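Architecture at a glance
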Amino acid sequence: MDEGLLEAIRTQSAVMIIGTGLSVGASEGAVCANWAGLIEVGIEQLLASGVKDEEWAETVRAMIARGETSFMVQAATQVGDTFKSLGDVAYAKWLHETIGNLPLINASTATAIAALPIPILTTNYDSLIEQSSDRGSTTWEQAGEMQQILANRSRSIGHLHGIWDHPSSIILTSEDYGRLLGSESAQAIQHAFGASKSSIYVGVGGGLSDPNFSRFLDWQRDKFPNPGLRDYRLCTDSELSELQAAHIADNIIPISYGQSHTDLAAFVGEIQAHLSDMARSDVGLLFDPVGEVRAEFAAALREDVILGQSLEVDRGLALDEVLLPPILLPVPNAQYVASKTSGQEVESIERLEMSADLQTNEIILLVGEEGSGLTFTARLMSLRASQMLPLLAPVYFNFTESRIELRPILNGLRRAVREVGWPLGKNDDLPPLAIAIDDFSPYVQKVSDRGVADIAKLRGSFVVVACKQGTEEDVKRKLAAAGISVRVRYVGKLERSDIEHLAKIAAPGQFAALANAVIDLLRSEHLPRTPFTVSQLLYILMSAGSIGSNASTTSVLDEYVALLLGRGDPHDDARIGLDHEQRMAILERLAEKFVELDKAGMAESTAVAAVEQIIETLGWPESAMDVLQNFLDRRVLTKRSGYVVFARSSYLHLFAAKQAKKSITFRDRLLARPLYYVSAITDYASLNRHDDVLLDRIEQLLGELKWSEERSEVFAEIEPSEPSFEEIEESAGEDGSQLSQGTQVEPPSASDSLDVFSDDDPPPFPVSNEEDEPRLWKQIQTVDLCSRILRDADQAGDVDRKKSILGTLMHQWGDIITELDADESFQELFAGIAEGLRAQFGDDTQVGQAERDFLDDLHKILPAAIAFGGITETLASRKLLKSMSRLVDSGEAAVEPETAVASIFFLIAVSESGWATQVKKILKNQTNTWIIRNFVFSLLLSAYFGSDASNADDVPILEALVEVLAHSHKYADEPEKARHSRLIRSNMQAFRATQRNKERSQAAIANRSD
């Protein structure tokens, strides 16, 4: 007996598919038991009745004689369509007199197969299996019943091609096959068992090549080229070698059951004997209570992995293929990050494999920060332990639901086990389990002490106890006092490589842009770096086709929160409860309450009262307590130090912005203190792109700013040098960077870029009055806010008004460079950076002129880099290109050096076709300043080396570079200038070509080594 076949059956992973061979044997060769015989009888009846003539009959018989499936379908179509043309009664009568009258003469094999405690499907039209047993019938038209069969909850025989006493279900003619192939539910059923079950084919003959099954097998081969499950085909000894050759390219393994077809009943009986020790359900099919619980537990987890659901459907990927496991660490995440960035190798601080902790006798104490994915990780560990130790059923229990009783956890587990359908009697002991105990707190004295005593009694079970970071030492002490051995694990945060890995699965061709978009969202909205959050963001970006800059962070956040609130949940029905839009409406008004109170949180009683007032105003019958708890369960709200708060400050800002769209009074309240409510106003601008009032407000704000009258030294002219006619590439660096005549010293970098920013949630409102903040902070915040508003106001105002505001912003971004250069706090910040870099370079005796030049250049570059980054993040939008073009064409963009540099930054950041030509226009009216000769030149050089000759901007970029270099030299006359410019062009083109050849050679070598 094949062990793989038995294992598939024992694990409820098998479905038997019966073909006409069984009907031929059971009826002892009745003519109508197979397809060819049925068609032949139909021909005879149509001839006898005078409906068709001999010429037609000969044509159809010739089709049958060909023996090929396509011709058999044509013959069946001729006969079937003729009977159908005579009317429904004639068609039904023919089916009854042929298929319906098949005799059950030898029932041994049919009886043995029907007795197997597994799902049975058939392509046969007859009911011989049902006649030999107590099984009923279901057809492909009854999708819900077919689901029950595949779920081991129904003993009915599933007729994939219909049954004779339901003529509409019969799949005989070409049109019938078209109906079946076009039925989404029927194909979904087939895909369900094709993806999750091992098919055991019996008596199928040539049936696997019919239009339906041939397409089904093609789908299987395409979706599962390396399948985790095997299919089987039962046959006689004499058929074995032929079928092995026929299925060499398939996932179907032929298995012989004996010398003749009569041996099949004994073979099936042998299978039955191997199943004698297995439990049966009420309907007589195999029943694995642990497996049932595990499947339900896994399904609940799957709902938390929205990306997984999408890819399972779209590309046939299993959940495990798209689930990014949580990060497990032996120490808190902050300590792990410090060990990586300190420059010291600490071998013990490495990520841990979850599988290594799943077979321990110790209790796993799982520790995580708020929003770290602690609950999901605990549940996943429970599921994985159950999968590794098949006798353990996974179960989840939240400690906060403990009752004040003698055995709070044991009794809570008993309730949880019964809720998932485990047949646990009142006095039965708990079975061995894979237990996740969530939200354990050591500070509820009586309950936690009794809970610890309960945990000590959970012998033979895998137990993970989850607690919030900061309480783990007290939990450990309690557990140790009870003699419980503990293994501590911390939930870590995802790194860039993790996000790129998941993005590569989701969108292989666009994974870099997709990962960057997700990371930008995590940073800007301070969202937790968990598999759950990243999966949801990937799903949103992919669903909208909005990878990269096509979607605003606010719109993605809006979609993200909508998913948390139940968008897309098939169980959401506004007629019997709240749907996600109604939940949003309540939260919008609740956000307004928070703003009115000027508080980040409310006492729970205050929050309940606020929700109750909102519900009463809306006239809805819901319970305020239930609604509030629903928001807590969905992690949109949370509790901190006894107060109800929005789980992330960005949620409060979003809902306040959505409420401002509905209430002018509330909008004006926000606009009255723009720097205090800056995040909410930014979200409002993104959601409401046509509000002219916003343009009025930013004109007012920009007009109130006061700037230094002195300019930074980076805007000062530098003395032009004599032109050099030596080969430029001799002094160029590997990437052409030496062409800027700057010093190249690489500063040290962190091992992972995500570790340099915190996803800790900031307070929703400033902790101090905005008027008390430093002048530079207010200037940067104002310019930042006004830039975001102008960028998003693409449906407000007119192009001239936007040109005026854009011109003001350009000048003020340039002014920020000067303000930063003169600011004491910035100087202190840079002094700290420089001190750290000097330590990296070594002692003073090792710091050479190159290092000193690097620090001097870095001091000048940082303010410019901050301004360039600010414009890129807050203002760069192709919707403002027309306004920028008017600034350039009118000459206004080149009047002041601050405006000129910021305008160039804007054009480079947008990089729309034609940008380099406009940059060249601006540069023509500029002098040889440090910022243009060095920083702007470096940006242009980077763009040129990242471009190629096919790019429409390639020549203009080169001309802009030549323009910068021309300003930096003094020439004897125009011919000398022209000659020098030609040499610059020629050498830059040659050097770039050389670099490209090197890159191609290196890529070819890498490909050969792979």
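Position numbers for residues count from 1 along each chain, tracking the sequence in the order it is written. Reporting of local features is limited, given that this is a predicted model, to residues whose pLDDT is at least 70; pairs of side-chain atoms are given and counted only at 80 or more, and all residues count toward the totals for whole chains, interfaces and linings. Calculation of side-chain values draws on the structure's entire complement of heavy atoms; hydrogens and water are dropped beforehand.

**Overview of the overall build of the protein chain**
For the purposes of this entry, the term helix denotes a DSSP run of H or I that reaches at least four residues, the term strand denotes a run of E that reaches at least two, and both are numbered from the N terminus. When its secondary structure is counted, the protein chain shows 43 helices and 16 strands. Principal axes of the C-alpha set define a box for the protein chain whose edges measure 110 × 80 × 65 Å. Categorising residues by exposure relies on relative accessible area from a 1.4 Å probe, with only protein chains included: less than 20% of the type maximum marks a residue as buried, more than 50% marks it as exposed, and the intermediate range marks it as partly exposed. For the protein chain, buried positions account for 51% of its 1010 residues. Long-range contacts, defined as pairs at least 24 residues apart, comprise 72% of the intrachain contacts of the protein chain with a sequence gap of at least 6. The charge count includes Lys and Arg as positive and Asp and Glu as negative, but it does not include His or the ends of the chains. A single reference atom marks each charge: NZ on Lys, CZ on Arg, CG on Asp, CD on Glu. Side-chain charges of the protein chain comprise 94 positive and 149 negative groups, with the mean position of each set lying 3 Å from the other. The contact criterion used throughout is that any non-hydrogen atoms of two residues lie within 4.5 Å.

**Some words on the sheet that holds strand β15 (residues 637-640)**
Overall, antiparallel pairing links the three strands, which are arranged β14-β16-β15 in an open sheet. Only two strands of the sheet have a single partner each, and these edge strands are β14 (601-603) and β15. Mean inter-strand twist for the sheet, computed between neighbouring axes without regard to direction, equals 35 degrees. Here a strand pair is declared whenever DSSP counts at least two bridges between the two strands. Relative to strand β16 (residues 643-646), β15 runs antiparallel, the two being bridged by four bridges. Bridge pairing in β16 links K639 to V644. Axis definition: a line fit to C-alpha positions, over the contact stretch in the case of helices; interaxial angles, taken between N-to-C directions, run 0 to 180 degrees.

**Some points on the confidence of the model for the protein chain**
On a range of 0 to 100, pLDDT expresses the predictor's confidence in each residue. The share of residues in the protein chain with pLDDT of 70 or more is 90%, and the mean pLDDT across the chain is 86. This model gives residues 307-316 a pLDDT under 50, and the stretch forms 27 contacts once residues within four places in sequence are excluded. Residue range residues 727-751 is modelled with pLDDT below 50. Its contacts to residues more than four positions away, or to other chains, number 50 contacts.

**Examining unusual backbone geometry**
The phi torsion at D439 lies on the positive side, around 55 degrees, for a residue other than glycine. Within the secondary structure layout, D439 lies in the loop between β11 (433-438) and α21 (445-456). You will see that R635, though not glycine, has its phi angle at about 65 degrees, which is positive. Topologically, R635 is positioned in the loop between α29 (624-633) and β15. Judged by its relative accessible area of 46%, R635 falls in the partly exposed class.

**Examining the nonpolar core**
We define a nonpolar core as any set of buried Ala, Val, Leu, Ile, Met, Phe, Trp, Tyr and Cys residues linked to one another through side-chain atoms lying within 4.5 Å. Judged by nonpolar contacts, the single largest core of 183 residues is most densely connected at Y651, F655, L875, F905, F906, I931 and L940. Per-element accounting of this core gives the leading share, eleven residues, to helix α41 (residues 930-945). Setting aside its immediate chain neighbours within four residues, L875 contacts S787, L790, R791, L806, L809, M810, W813, G870, L880 and F906. Formed by 31 residues, the second largest nonpolar core is a distinct cluster that contains L47, V79, L172 and L180.

**Concerning the environment of F666**
Among the structural elements, F666 can be located in helix α31 (residues 664-672). Taking relative accessible area as the criterion, F666 reaches 2% and is therefore assigned buried. Other than its neighbours up to four places away in sequence, F666 contacts E592, V595, A656, Q659 and A660.

**Describing the packing of helix α37 (residues 849-874) against helix α39 (residues 897-910)**
Following both chains from N to C, one finds α37 and α39 inclined at 50 degrees, their axes separated by 9 Å at the closest point. With respect to α39, the axis of α37 lies oblique. Regarding α37 and α39, the two cross each other, and that crossing is right-handed. Residues A864, A867, F868, I871 and T872 of α37 form the contact with α39, whose own contacting residues are A902, F905, F906, I908 and A909. By residue class, the composition of the contact of α37 with α39 is nine nonpolar, one polar and no charged. Any angle between 65 and 115 degrees counts as roughly perpendicular, while under 35 counts as roughly parallel, over 145 as roughly antiparallel, and the rest as oblique. We call a crossing left-handed when the near helix sits turned anticlockwise from the far one by less than a right angle, and right-handed when that turn is clockwise. Polar here means any residue other than Ala, Val, Leu, Ile, Met, Phe, Trp, Tyr, Cys and Pro, which are nonpolar, and Asp, Glu, Lys and Arg, which are charged; Gly is therefore polar.

**Structural notes on the sheet that holds strand β13 (residues 486-491)**
Strands sit in the order β8-β13-β9-β12-β11-β10 across an open sheet of six strands; the sheet is mixed. Looking at strand neighbours, the two that pair on one side only are β8 (328-329) and β10 (393-398), the edges of this open sheet. When β10 meets β11, the two strands line up parallel, connected through six bridges. In the strand pairing of β11, A393 is matched with L433. Sheet strands touched by helix α19 (residues 374-388): β8, β9 (363-368), β10, β11, β12 (462-468) and β13. Its angle to β12, the strand with the most contacts, is close to 175 degrees.

**Focus: the pairing of strand β6 (residues 231-236)**
Among the six residues in β6, six count as buried, and that is most of the element. As paired elements, β6 and strand β7 (residues 252-258) share six bridges and run parallel to each other. The residue bridging D231 from the neighbouring strand is I252, located in β7. For crossovers, right-handed means that the path from the first strand over the helix to the second runs clockwise, given strands pointing away from the viewer. As for the winding sense of the linkage, the β-α-β connection from β6 through helix α13 (residues 237-246) to β7 is right-handed.

**Points about the side chain of D683**
Residue position: D683 is located in helix α32 (residues 678-687). A pairing counts as a salt bridge when a side-chain nitrogen of Lys or Arg comes within 4 Å of a carboxyl oxygen of Asp or Glu. Despite its burial, D683 pairs with no opposite charge, the nearest such side chain being R788 at 8.2 Å. Two N or O atoms form a polar contact when they lie within 3.5 Å of each other; inside protein one atom must be a possible hydrogen donor and the other a possible acceptor, and for residues adjacent in sequence the pair counts only when both atoms belong to side chains. Of note is the side chain of D683, whose polar atom sits 2.8 Å from the side chain of T554. Leave out the neighbours within four places in its chain, and D683 touches T554, S650, H653, L654 and A657.

**Some points on α19**
Taking 1.5 Å per residue, 15 residues should reach 21 Å; α19 reaches 21 Å between its end C-alpha atoms and fits that length. Here α19 lies mainly inside the structure; 13 of its 15 residues are buried. To estimate the expected span of a helix, subtract one from its residue number and multiply by 1.5 Å.

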